[in-house]
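# Breakdown of the fold
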Amino acid sequence: MSTVLLRREIKAHWKLVLIFTIVLSIYGGMIISMFDPKLGESLKMMEQSMSQLFAAFGMSDAGTSLIELIANYLYGFLFVVFPMIFSLILSSMVMVRYIDHGSMAYLLSTPTTRTKIAGTQAAVLLIGVFFLVGYVTVFCSICSGILFPKELDLPKFFLLNVGLLCLHIFLSGIAFFCSCVWNETRKAVGVSAGLCILFVLIQMVAQVGEKFEVLRYITPLTLFNVDGFTAGESIALWQAGILLIFGVLFYAAGIVSFRKRDLPL
C-alpha cells in the first residue's frame, strides 16, 4: 500500500464522504424521532392503506420497539441504498476514472507497483465504507440515547451494523471489481450500478407479496437479514459472513485483474 497515494485520495474525496454523512444524519435523526408508542396506530393505518408501497421499501412493520423501528425504516432500504450509491461513485473515482482519463500512466510511472496502486485504492473505498457504517452506528446510538434513553437494544443494534458493514463490503467489492476490469467509466459504472440496482429492485418486488416471495432467493441482499438481527438469530451473522467473504473475493479479483491486464496508456 502507498501511504502517499492513500493520503492524497482521502484528501481528494472527503467532501463526498461529508455529503453522505449529512444525508444519513438527516434520515437517521428523522426516523428515530418518529419513535413514539402513541404514533404506532397511526403508522399501522398508513401501512394498511399503502401496504404494497411500504412493503417494497422494507417498511411493512414499524414494530413495537426502537430497534425494530430503526431496523425496518432505516436498514430495510435507506441505509442500504445511500451507502451503495456512495460506493458506486467512489469506486469509479479511485480506479476507472484514472484509466479512462489517461491519468493511470502517471501513477504507473512512479516506483509503486500495480498491486500497491490497486490495493491502496481498494483501501480508500473500504475506509469510506467503514467510516459511513461506523458513523451511522455512533450517530443513531447517540441520537437514540438523547431522545429515548435506554430504549435502544445496543447489542442487537451493534450486530445489525456488523451485518450492514458486511453488505456494503460486498456491494463496494462489486463496484471495485468492475472499475478494475473496464477501461471506460460509463461501462464500469453501468455494469456495477446495473447489478446493484437490479438487486434492490428484485428485493423490493419480493417484499410486495407472497406471489413474488420466491424472488428473494435470487438477490444477495436477502443475506442481510434485518429481521434476524433484531430477533437475535445467529443465522443472521452467518448470512452476513457469506456477504463478507464474497466481498473480499471481489476486491481480491479486482486487484489481480488490474495487475494482469493490458491498460490503454
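First things first, this report covers the structure right here in the doc. (Residues numbered from 1 in each chain as written. Predicted model: local features only at pLDDT ≥ 70, side-chain atom pairs only at ≥ 80, totals over all residues. Heavy atoms only, no water.)

## Points about the overall build of the protein
- Summing up its helical and strand segments, the protein has 11 helices and zero strands in all.
- By the burial criterion, 47% of the 265 residues in the protein qualify as buried.
- Long-range pairs, those at least 24 residues apart, make up 77% of the contacts in the protein with a sequence separation of at least 6.
- Accessible surface for the protein amounts to roughly 13,100 Å². Of this, 68% is attributable to carbon and sulfur atoms. (Helix = DSSP H or I, 4+ residues; strand = E, 2+ residues; numbered from the N terminus. Buried < 20%, exposed > 50% of the residue type's maximum accessible area, 1.4 Å probe, protein only. Contact = heavy atoms within 4.5 Å. Areas by Shrake-Rupley, 256 points an atom, 1.4 Å probe, with all protein chains shown as cover.)

## Considerations on helix H4 (residues 66-73)
- Of all eight residues in H4, seven are buried, a share of seventy percent or more.
- Along H4, the residues classified as buried are Leu-66, Ile-67, Leu-69, Ile-70, Ala-71, Asn-72 and Tyr-73.

## Focus on the packing of aromatic side chains
- By the definition in use, this model includes 10 aromatic pairs.
- Measuring from centroid to centroid gives 5.1 Å for Tyr-75 and Phe-79, while their planes differ by 75 degrees, and the two rings are edge-to-face.
- Judged by relative accessible area, which is 1%, Phe-79 ranks as buried.
- Here Phe-170 and Phe-250 contribute two aromatic rings whose centre-to-centre distance is 5.9 Å and whose plane-to-plane angle is 70 degrees, an arrangement assigned as edge-to-face. Of this pair, Phe-170 sits in helix H8 (residues 154-181) while Phe-250 sits in helix H11 (residues 235-260), placing them 80 residues apart in sequence.
- For Phe-170, a relative accessible area of 7% puts it in the buried group.
- Put simply, the rings of Tyr-75, Phe-79 and Phe-157 touch in pairs and so form one group of aromatic residues. (Phe/Tyr/Trp six-rings, centres within 6.5 Å; stacked < 30°, edge-to-face > 60°.)

## Some remarks on the packing of H8 against helix H9 (residues 185-206)
- Contact geometry for H8 and H9: axes closest at 8 Å, N-to-C directions at 155 degrees. Between H8 and H9, the angle is such that the two are roughly antiparallel. Once H8 is placed against H9, the crossing between them reads as right-handed. For the pair formed by H8 and H9, the contact residues are Phe-170, Leu-171, Ile-174, Ala-175, Cys-178 and Ser-179 on the first element and Ala-188, Val-191, Ser-192, Leu-195, Cys-196 and Phe-199 on the second.
- Across the contact of H8 with H9, the residue classes tally to 10 nonpolar, two polar and no charged. (Axes fitted to C-alpha atoms, helices over the stretch in contact; angles between N-to-C directions. Parallel < 35°, antiparallel > 145°, perpendicular 65-115°, else oblique. Left-handed = near helix turned anticlockwise from the far one by under 90°. Nonpolar A, V, L, I, M, F, W, Y, C, P; charged D, E, K, R; others polar.)

## A look at the pattern of salt bridges
- All chains considered together, the criterion is met by two salt bridges.
- Between Arg-8 and Glu-9 there is a salt bridge, and its shortest N-O distance comes to 3.8 Å.
- The exposure class assigned to Arg-8 is partly exposed, which follows from its relative accessible area of 35%.
- As a salt-bridge pair, Glu-184 and Arg-186 come within 3.0 Å of each other at their nearest N and O atoms. (Salt bridge = Lys/Arg side-chain N within 4 Å of Asp/Glu carboxyl O.)

## Here we look at the nonpolar core
- With 75 residues, the main nonpolar core has Tyr-75, Phe-79, Leu-160 and Phe-224 as its most contacted residues.
- With 14 residues, H8 is the single largest residue contributor to this core.
- Those residues in contact with Phe-224 that sit more than four places away from it in its chain are Tyr-75, Val-80, Leu-160, Gly-163, Leu-164, Leu-167, Phe-229 and Leu-243. (Core = buried A, V, L, I, M, F, W, Y, C linked by side-chain atoms within 4.5 Å.)

## A short note on the state of the cysteines
- This model, assessed by the stated rule, comprises zero disulfides.
- You can see Cys-143 has no disulfide; the closest cysteine sulfur is in Cys-140, sitting 7.0 Å from it.
- By relative accessible area, Cys-143 is classed as buried at 15%.
- Free cysteine: Cys-180, not disulfide-bonded; nearest cysteine sulfur from Cys-178 at 9.3 Å. (Disulfide = S-S within 2.5 Å.)

## Details of the environment of Val-80
- Looking at the secondary structure, you find Val-80 in helix H5 (residues 78-100).
- C-alpha separation for the pair Val-80 and Leu-164, spaced 84 residues apart in sequence, amounts to 7.6 Å.

## Some points on the packing of H8 against H11
- Contact geometry for H8 and H11: axes closest at 8 Å, N-to-C directions at 25 degrees. Between H8 and H11, the crossing angle belongs to the class labelled roughly parallel. In terms of crossing hand, the pair formed by H8 and H11 is left-handed.
- Looking at the contact of H8 with H11, its residues break down into 22 nonpolar, six polar and no charged.

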